[in-house]
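# Structural characterization, general
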Amino acid sequence: ISPHLGASTFDAQERVAKAVAVNMSDIFDGGSFTGVVNSPDLGAVAKQEHIVPYVLLAEKIGSIQGQLLKGNKISSITVNLRGKDIADAKITDVIRSAVIKGALGELVSQQISYVNAISVAEEMGLKVLVNMTEKTDATSGYMNCLSVELEIEGMLNLTRVIEGTVFGRNELRITQIDGFNIDLPPSENMLLFNNYDQPGTLKKVADRLASAQINIAHFSLGRKTRGKLAMGALVLDTPVPEEVLESFAKHTDVSNVMQIRLSQTVDRNFRVRSATHQGVVLGSSKPFVKPRNPEFSSGPCKKRPGYNLAALKTDALGRSHRSKLGKSRLKKAIEETKRILEVPSDYLCGIVPASDTGAYEMAMWGMLGERNIDACYWESFGKGWNDDAIKHLGLKSITREFKADYGTLPDFSQTNPDHDVLFTFNGTTSGVRVPNLDWIPSDRKGLTFNDATSAAFAMRIDWSKVDVTTFSWQKVLGGEGAHGVLILSPRAVQRLETYVPPQRPLPKIFRMTKKDKDGALKVDKAIFQGDTINTPSMLCVEDYLDALQWSDSVGGLSGLIRRSEGNLAVLERFVSSNSEWINFLAKDPASRSNTSVCLVLKLDKDQVKKFVALLEAEGVAYDIGSYRDAPDGLRIWCGATVEQEDLEALLPWLKWAYETVKA
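Here goes a summary of the coordinates provided. The structure displayed is predicted, hence computed values, not measured ones. Numbering of residues begins from 1 in every chain and follows the order in which that chain's sequence is written. Whole-chain, interface and lining totals are the exception, using all residues; otherwise, since this is a predicted model, local features are given only for residues with pLDDT of at least 70 and side-chain atom pairs are given and counted only at 80 or more. Only hydrogens and water are set aside when side-chain values are computed; all heavy atoms of the structure are taken into account.

From N to C terminus, the chain includes 15 helices and 26 strands. Here the chain, with 663 residues, has 53% of them falling under the buried criterion. In what follows, a contact means two residues having at least one pair of non-hydrogen atoms within 4.5 Å. Excluding contacts between residues fewer than 6 apart, the proportion of contacts in the chain whose partners are at least 24 apart in sequence is 71%. Carbon and sulfur atoms form 49% of the exposed surface of the chain, whose accessible area is close to 30,200 Å². Numbered from the N terminus, helices here are DSSP runs of H or I no shorter than four residues, and strands are runs of E no shorter than two. Remark: exposure states derive from per-residue accessible area (1.4 Å probe, protein chains only) relative to the maximum for the residue type, with buried under 20%, exposed over 50%, and partly exposed in between. All accessible-area figures derive from a Shrake-Rupley calculation using a 1.4 Å probe, and residue coverage is judged against the displayed protein chains alone.

Where the residue is not glycine, phi is negative for most of them; where a peptide bond is considered, it is trans in most cases. In this model, G299 is joined to P300 through a cis peptide bond whose omega is -10°. Looking at the secondary structure, you find P300 in the loop between strand 12 (281-285) and helix 8 (324-341). Within the chain, N256 stands out as a residue other than glycine whose phi angle is a positive 50°. Tracing the backbone through its elements, the reader meets N256 in strand 10 (residues 254-261).

Let's shift gears to the sheet that holds strand 4 (residues 159-167). What the 6 strands build is an open sheet, ordered 2-1-3-4-5-6; its pairing is mixed. With partners counted over all chains shown, the strands left at the sheet margins are strand 2 (127-133) and strand 6 (180-184), one partner each. Strand-to-strand, the axes of this sheet are offset by a mean angle of 20°, without reference to chain direction. Strand direction decides the pairing type here: strand 4 and strand 5 (residues 171-177), joined by 6 bridges, are antiparallel. Within strand 5, the position partnered with F167 by the bridge is E171. The angle between two axes is taken between their N-to-C directions and runs from 0 to 180 degrees, where each axis is a line fitted to C-alpha atoms and a helix contributes only its stretch in contact. Across the sheet, helix 3 (residues 52-68) is in contact with strand 3 (145-152), strand 4 and strand 5; its angle to strand 4 comes to roughly 150°. Any two strands are treated as partners once DSSP identifies two or more bridges connecting them.

Tracing the backbone shows E648 in helix 15 (residues 644-662). Separated by 357 residues in the primary sequence, E648 and P291 have C-alpha atoms spaced 7.9 Å apart.

Side chains of L202, F219 and L221 sit close together on the surface and give an oily, nonpolar patch of about 220 Å² of accessible area. Counting through the fold element by element, L221 comes out in strand 8 (residues 216-223). Like-charged residues within 9 Å of one another, or nonpolar side chains (Val, Leu, Ile, Met, Phe, Trp, Tyr) within 5 Å, are grouped into patches, provided each residue has over 30% relative accessible area and no salt bridge. Here a salt bridge means any side-chain nitrogen of Lys or Arg lying within 4 Å of a carboxyl oxygen belonging to Asp or Glu.

Once that is clear, we can look at the packing of helix 8 against helix 12 (residues 538-553). How two helices sit against one another is set out by the angle between their axes and by the gap between those axes. Direction vectors running N to C along helix 8 and helix 12 enclose 35°, while the axes themselves pass 10 Å from each other. Considering only the axes of helix 8 and helix 12, their crossing is left-handed. Contacts between helix 8 and helix 12 involve G326, R329, L330, K332, A333, E336, T337, R339 and I340 on the former and, on the latter, M538, V541, E542, Y544, L545, L548, S551 and D552. Put simply, Ala, Val, Leu, Ile, Met, Phe, Trp, Tyr, Cys and Pro go in the nonpolar bin, Asp, Glu, Lys and Arg in the charged bin, and everything else, Gly too, in the polar bin. The residue makeup of the contact of helix 8 with helix 12, split by class, is 8 nonpolar, 3 polar and 6 charged. Put simply, a crossing is left-handed when the front helix is turned counterclockwise from the back one by less than a right angle, and right-handed when it is turned clockwise.

In this description, a nonpolar core means a group of buried Ala, Val, Leu, Ile, Met, Phe, Trp, Tyr and Cys residues linked to one another through side-chain atoms lying within 4.5 Å. Of all hydrophobic cores here, the largest spans 87 residues; its most connected members are F457, F611, I636 and L654. A total of 9 residues in this core trace back to one element, the largest contributor, which is helix 15. Not counting chain neighbours up to four residues away, the residues in contact with L654 comprise F574, W581, F611, L615, L634 and I636. Within the second largest apolar cluster, 55 residues are counted, among which are V120, V166, I177 and L262.

Okay, the side chain of R592 next. Mapped onto the elements of the fold, R592 is located in the loop between strand 24 (582-584) and strand 25 (596-601). Polar contacts, as used here, are pairs of N or O atoms within 3.5 Å; protein pairs need one atom able to donate a hydrogen and one able to accept it. Residues neighboring in sequence count only if both atoms are side-chain atoms. At 3.0 Å, the side chain of R592 and the side chain of E572 are in polar contact.

Scanning the model with the defined rule gives 30 salt bridges in all. A salt bridge links R444 to D467, with the shortest nitrogen-to-oxygen separation between them at 3.1 Å. Of this pair, R444 sits in the loop between strand 18 (432-433) and strand 19 (448-451) while D467 is found in the loop between strand 19 and strand 20 (468-472), placing the two residues 23 residues apart along the sequence. For the residue pair R444 and D467, the accessibility class agrees, reading buried in each case. Close ionic contact of K514 with D524 constitutes a salt bridge, the shortest N to O distance being 3.8 Å. One end of the pair, K514, is in strand 22 (residues 513-515); the other, D524, is in the loop between strand 23 (521-523) and helix 12, and 10 residues separate them in sequence. Bridged by salt links that share partners, the residues E171, R173, D183, R292 and E645 form one connected network.

The values are spatial; any link to function lies outside them.
Structure follows, in structure tokens:
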């Protein structure tokens, strides 16, 4: 620090030194930077959450501009801020620094930061202007937008303009390049090109990329006049090799092909400052980008991507569920469930009351007692089924317990195939699943009761090994609560029709059988054709049908599993790189859940609570604390409805929260 002294007297030096000390203390306490020369007030801007995404957008647009120069030199840069939220004189220096950092970071060897960007530009003689207006261009359609005009040196009137905006809280978009309107999320790997607006061009580009095993994540086409010059913009999963870039000019009808690579790192000058500890900077840099959807609850779970309540059919609302229309919608839900889950045709599937709990207990109350029971559990819900058998059904004398601590599995090989076996396919509260069902013999005498509430639609179920399977709509497909699904094998049906539990009264909602005209006990198959025992919510039925339709759009069961396993892989990579403070609760990777992922932190109980509360307060992650009976930690839902990019955006926040709490 080298303050300018207006006088050289001892008193003057003392007063200036005191002022500097007070200013620095205020900065470390989260106050604004005052009296700073040639450096923007980063602290003040970092506190304005609605401005921070525009700072990031400005840097990314600057970086794209720098990469598009192709060796030319910049004459000047003009930044235009339009809209009431961003036309603020207090942020102009930070926006200016962000654009310079992005552009010069691609052009010079010197390290450019928000702190030195303006001074480096001045040393180079680069003019950087910022214009502001609260009015937006009526044709743009955006409340706030930021554009960067770059004039190329020595080329009169040659200017490139890139414009962007922010959707929602933090969804960055490039909306225009050189007058071509596009919809492009600035990403790590992008490809820009020009082409004439004619059929077949995109196919040629896609075929060329596919031959190089490069996947397209997003595509946008901008054109000014039909049939004339257009611009294509692609977001790719991986970079394009140089030889593939060179081949575009020879084998496709595109020109001006440019690969754009954007860094995902965040300038560490944006820091979290303590409001209570003077002179101390706490935590790591607060990440810029938040998940677009912070819903990571393990039940009820996130709705499918693009969900819109208004898109649901409403013709069955206000109608009887026993009407022809009502039954047809319920029957369709049953048929689509069986089709997507690949349930054998001779298995029965029905919609029953009280979610997964109702479905599982319905089966227990109606079938258990005919033979001995092996109850396998390693978390709270499995223990609940064991307690039901022992305490409420009074079957303690014929029930054996096979239990394991949270994070591990019991020894399934010790179960007896002549016994009825109770188990959960995936322990929602422990993050531990059964890797497979090889331990269940095909020639078993007993029935297997499979609680698959957080496994259905996310894990392969060998239907030949399970006799009773239950789940609820609220889990993997993000449906609504209160409705359960019960799937019965022919062996389970036989048990219902040949065994009546002695002296066991069954509530109406548990009754699945009735006598036929000859007095024989038969399963009431109407239940499994849409004639529900009690009144369902037809709105919830439509919501479930919407989720099933979406399942087809992502590739059915295989696509759903792939999405969920891809989400788990994101967390696995993160944990592998940060294992000194975060780990999976599941001890064996083979038994690691790909839906309810449970994690333990090197924090005490109170610190974990603060960790979870901090992320919720930031609007980054909701409902990710571990289940109340489970070890303290996190439970992050990774089912198919969760977007991988939201998980990736969450990860830096996990590290930030940990370092903040530890500090």
